[in-house]
Amino acid sequence: MSACQSTSSSRTCGLIAKIAGIVLMLAGALVLLFCVPCWFWTMLLGLALLAGGFLIFRFCG
């Protein structure tokens with residue numbers, strides 16, 4: 001049984017997941033904003049961070 005499944009820490013786990021999702025989305029947006037257009041891998045990294053942050057924010061929070 002993980003800590004996220006217990007009733008006493010479910011609110012804390014949800015808050016941590018939401019904060020982690022927001023941080024990942026902001027990091028992805030910053031990578032996309034400051035990446036050089038010819039660096040395709042940084043664009044993919046930024047998109048992956050945005051998508052991962054959104055998924056964590058939406059489904060784990």
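Each remark here, short or long, concerns the structure printed above.
Predicted model only: the values in this text are computed from it and were never measured. In this convention, every chain numbers its residues from 1, walking through the sequence in written order. pLDDT decides what is reported in this predicted model: residues at 70 or higher carry local features, side-chain atom pairs at 80 or more are listed and counted, and totals for whole chains, interfaces and linings draw on all residues regardless. Side-chain numbers come from the whole structure's heavy atoms, not from hydrogens or water.

Trainee: Would you mind showing me how to read the overall build of the protein here?
Mentor: Helix and strand definitions follow DSSP, with helices as H or I runs of at least four residues and strands as E runs of at least two, each counted in order from the N terminus. Counting secondary structure elements, the protein contains two helices and zero strands. Think of it in three bands: with a 1.4 Å probe and only protein chains considered, a residue is buried below 20% of the maximum accessible area for its type, exposed above 50%, and partly exposed in between. Evaluated residue by residue, the protein yields a buried proportion of 16% over its 61 residues. We call two residues contacting when some pair of their heavy atoms lies within 4.5 Å. Across the protein, every contact between residues at least 6 apart in sequence was considered, and the portion connecting residues at least 24 apart equals 55%. Total accessible area on the protein stands at roughly 4,600 Å², and carbon and sulfur atoms take up 78% of it. Residue burial considers only the protein chains on display, and all accessible areas are found by Shrake-Rupley using a 1.4 Å probe.

Trainee: Honestly, helix α2 (residues 40–59) in this entry has me stumped. Any pointers?
Mentor: Owing to its 3.6 residues per turn, the α-helix brings residues three or four apart onto one side. Expected span, for any helix, means 1.5 Å times one less than how many residues it has. Given a rise of 1.5 Å per residue, 20 residues ought to cover 28 Å, and the 28 Å separating the end C-alpha atoms of α2 matches this to within 8%. Every buried residue of α2 is accounted for by T42, G46 and G53. Projected onto a plane normal to the axis of α2, the buried residues spread over an arc of 45° and lie on a single side. Facing away from the buried side of α2 by over 90 degrees, the exposed positions are F40, W41, R58 and F59. Here the arc refers to the set of directions running from the helix axis out to each C-beta atom.

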